[in-house]
Amino acid sequence: MTDDRGRRYLDGVSSLWVTVHGHREPALDRAIRRQLGRMAHTTFLGLTHEPGALLAAELARLAPRGLRRVFYSDNGSTAVEVALKMAFQYWAHEGEKRPEFLALSQSYHGDTLGAVSVGGIRLFHHAFKPLLFTARFAPAPSCYRCPFRRKESAGMLRGIEERSLRPKPGDRRAQTACRWECLGGAERILKARRGRLAAAVVEPVVQGAAGMLVQPPGYLKGLELLCRRYGVPLIADEVLTGFGRTGTLFAVEREKVIPDFLCLSKSITGGYLPLAVTMTTEKIYRAFLGRPEEFKTFFHGHTYTANPLACAVARENLKLYRQRRLVEALRPKIVRLTEFLAGLRDRAHVGDVRQAGFLAGIELVADKRTGRPYPVTARVGHRVCLAARKRGVWIRPLGDVVVLVPPLGISMKELERLLRGVEDSIVEVTEGEPA
Ligand SMILES: *Cc1c(COP(=O)(O)O)cnc(C)c1O
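About the criteria used
- One numbering rule holds for all chains: residues counted from 1, following each sequence as written.
- This being a predicted model, a pLDDT of at least 70 is required before a residue's local features are given, and a value of 80 or more before pairs of side-chain atoms are given or counted; all residues contribute to the totals for chains, interfaces and linings.
- Hydrogens and water molecules were not included; the side-chain quantities draw on all heavy atoms of the structure.
- To form a nonpolar core, buried Ala, Val, Leu, Ile, Met, Phe, Trp, Tyr and Cys residues must be joined to one another through side-chain atoms within 4.5 Å.
- The classification of residues rests on relative accessible area computed with a 1.4 Å probe and restricted to protein chains. Under 20% of the type maximum is buried, over 50% is exposed, and intermediate values are partly exposed.
- A domain assignment, automatic or from a database, supplies the domain bounds used here.
- Contacts are assigned to residue pairs with any non-hydrogen atoms lying within 4.5 Å of each other.
- A pair of strands is labelled paired if DSSP reports no fewer than 2 bridges between them.
- Put simply, DSSP H or I for four residues or longer makes a helix, DSSP E for two residues or longer makes a strand, and each gets a number counted from the N terminus.
- Only the contacting stretch of a helix is used when fitting its axis, a line to C-alpha atoms as for every element, and angles between N-to-C directions run 0 to 180 degrees.
- Handedness of each helix crossing follows the sense of rotation of the near helix against the far helix: counterclockwise by less than a right angle gives left-handed, clockwise gives right-handed.
- Here's the idea: put two parts together, see how much 1.4 Å probe accessible area each one loses, and the total over both is what we call buried area.
- What counts as a salt bridge is simple: a side-chain nitrogen of Lys or Arg found within 4 Å of a carboxyl oxygen of Asp or Glu.
- We call two N or O atoms a polar contact when they sit within 3.5 Å, provided that within protein one can donate a hydrogen and the other can accept it, with sequence-adjacent residues counted only if both atoms are side-chain atoms.
- Amino acid classes used here: Ala, Val, Leu, Ile, Met, Phe, Trp, Tyr, Cys and Pro are nonpolar; Asp, Glu, Lys and Arg are charged; the rest, including Gly, are polar.

Colleague: Help me out: how do you make sense of the nonpolar core in this one?
Modeller: In a soluble, globular protein the nonpolar side chains are often hidden away together inside. Counting residues in hydrophobic clusters, the biggest one holds 93 residues, and the most contacted among them are I362, I395 and V422. Split by domain, this core shows at least three residues from each of two domains, domain 1 (26–323) and domain 2 (330–431). If we ignore the near neighbours within four places in the chain, the residues touching I395 are G12, V13, C385, A388, V402, V403, L404, L418 and V422.

Listed below in C-alpha cells is the structure:
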C-alpha cells in the first residue's frame, strides 16, 4: 500500500483479514471487468444468474460433507444473522419454540443486533444489552487467561498454578484441563436449557476479535459431540477462519467437525467486494419447503444479495486457490511463523503467543510472571503498530495483542520483512531499545 506521501507499506493484516493474494491481483481485476461487460447487478429474488449459481455449486463441492445448500448475503454479520434466524425458524417449523442460543464468552460474530446478541466482548456489546435476545455464554476456552484458574475445585489446574502462574503456550496439561473445564461449562448450559436452545454458535478454532484466542485441540470436536447429544444445531462462524487462514480450507476440518450451518465471508472474494454465504444441510433446507399458502419461506433477502460482480470475483478467487495450490503452499510459511513466535516468547513483555495456521496474536503484558496487563492509557498495542509504520509495515492491534493475518499469497521474502518489522517494533516499544 502507498500513502499520501508516497511511502510504501506491507499489509500485515490483509486489510482487516480479507486480502488473499495481495492487493491489485491482475486475475481478480480482470474477473470484475469481465463481469462488468456482461451485467453489474440483477436481483436474486425470483431470478438467478450464472456467477451466483456456479459459485454456489463450487462452494457445495468444497464445504464439509452434507453442507450443500447456499444462502447469499453481503457480509459476515448478515451471514451469522441468517444462520441464527434459520435455526430459530427451523424449530418453529418443527413445532418447537426455541428463543435462546448458546455462544462463547468473548465471541465476536458481527455488529448487527442478532450477531451482537451472541457476542461476548463487553467493550463492543455491553452498550446494546437492552436491545438483545437471550444468549447463554459458555466459557471461552483460552488457556492464557483461563476462566477456571483460580477455582478451588479445578483440581487438575492446581498443579499448573504451583509450577508457574501462566502456562507456557502449548502446555499439554493446561490445554487438557482447559478443554474439560470449558466443555463442562458448555454442557451445563445445554442441560439446563434443554429444549430452549435454537443453536450453538462458535468461531471454530480461533476467537479472532477477542485477540486470536486459540482453542485447545479437541475442544471443537467435544462441543460438536455435546451439541449432537443434546440435539442442538451447531453454527460454525468461519467468517475469519474460512478459506485457508488456519492452514486447512475450513477450520472445522482440523477437528473433522461437520456443523449444521457454515458462515463464510471475509476471504471469499479475495478481499475485493462484500459477499457472504450461509451454508446448511438438506435437513434444515427441507423444513422450509411447503405449499405457497403455508408460507414456510425463509423471509430474509437483501437488495444486493448475490451481487454478480462479487460472485464473479469470488469464483476467480477460488480458481486461484486451486491453480496456485494456495493452502498447500502455506505450509512452509506457517512453519516460519511458528519459529518466529517461539523466538518472541522469551521477550521481557511478551506474555503469550498464539497461533492457528497463518493467524497469530502476540499478547504484550506489563508483568510477564503474573500476566498483569498494561494500563489501557499506555496504548502499548497501538504504539507498536505506529512503530511498525515507520518500518514500512502496516498492522492493526486488538488492545495489547499484536495481530498478524498475512495475506496467504505473501512471499517468503515479504514474510521475513513483515516479521522483522514486527519484532523490532515490539522491542522498541516494550524494551525501550530503538531497534
Ligand atoms: C469479521 C467477523 C464477522 C463480521 O463480519 P463483517 O463482514 O464485518 O460483518 C463475523 N464473525 C467473525 C468471526 C468475524 O471475524
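Following the structure, the description resumes.
Colleague: Is there a simple way to think about the sheet that holds strand 4 (residues 135–138) in this case?
Modeller: To summarise the sheet geometry, strands pair through backbone hydrogen bonds and adopt either a parallel or an antiparallel arrangement. Here seven strands make up an open sheet; going across it, the order is 2-10-9-8-5-3-4 and the pairing mixed. Unpaired on one side and paired on the other, strand 2 (67–73) and strand 4 mark the two borders of the sheet. The sheet shows a mean angle of 20° between the axes of neighbouring strands, taken without regard to direction. Pairing between strand 9 (residues 261–264) and strand 10 (residues 276–281): four bridges, direction antiparallel. Its bridge partner lying in strand 10, C263 is registered against T278. Helix-sheet contacts for helix 3 (residues 50–62) involve strand 2 and strand 10, and the interaxial angle to strand 2 is about 140°. On the sheet, helix 8 (residues 172–192) packs against strand 3 (100–104), strand 4 and strand 5 (197–202) and is oriented at approximately 155° with respect to strand 4.

Colleague: Looking at this model, I keep getting lost on the packing of helix 2 (residues 26–36) against helix 11 (residues 308–323). Mind explaining?
Modeller: When two helices pack together, their arrangement is given by the angle between their axes and by how far apart the axes lie. Between helix 2 and helix 11, whose axes approach to 9 Å, the crossing angle comes to 145°. The element helix 2 and its partner helix 11 pack so that their crossing is right-handed. Residues A27, L28, A31, I32, R34, Q35 and L36 of helix 2 touch helix 11, and the partners they reach there are P308, L309, A312, V313, E316, N317 and L320.

Colleague: Looking at this structure, how should I read the domain arrangement of the chain?
Modeller: Annotation of the chain at the domain level lists domain 1 (26–323) and domain 2 (330–431). Across the contact, 22 residues belong to domain 1 and 27 residues belong to domain 2. Here domain 1 packs against domain 2, burying approximately 1,800 Å² in sum over the two surfaces, 63% of which is carbon and sulfur. Put simply, domain 1 and domain 2 have one salt bridge between them. Here R145 ties to E363 by a salt bridge, and the two come within 2.7 Å at their closest N and O atoms. Remark: the boundary between domain 1 and domain 2 carries six residue pairs in polar contact (both at pLDDT 80 or more). Classifying every residue of the side of domain 1 that touches domain 2 by side-chain character gives twelve nonpolar, six polar and four charged.

Colleague: Hey, could you run me through the pairing of strand 14 (residues 401–404) in this one?
Modeller: Looking along a regular strand, one sees side chains alternate from face to face of the sheet. Residues V401 and V403 point to one face of strand 14 and V402 and L404 to the other, with burial holding for every one of them. Relative to strand 14, strand 12 (residues 359–364) runs antiparallel, the two being bridged by four bridges. Its bridge partner lying in strand 14, I362 is registered against V402.

Colleague: Sorry, what's going on with unusual backbone geometry here?
Modeller: Across residues other than glycine, the phi torsion is negative in most instances, and most of the peptide bonds are trans. Look at F243: it is not a glycine, yet its phi comes out positive at around 65°. Structurally, F243 is set in the loop between strand 8 (234–237) and strand 9. The phi dihedral of K256 falls on the positive side, at around 50°, and the residue is not glycine. Locating K256 in the fold gives a position in the loop between strand 8 and strand 9.

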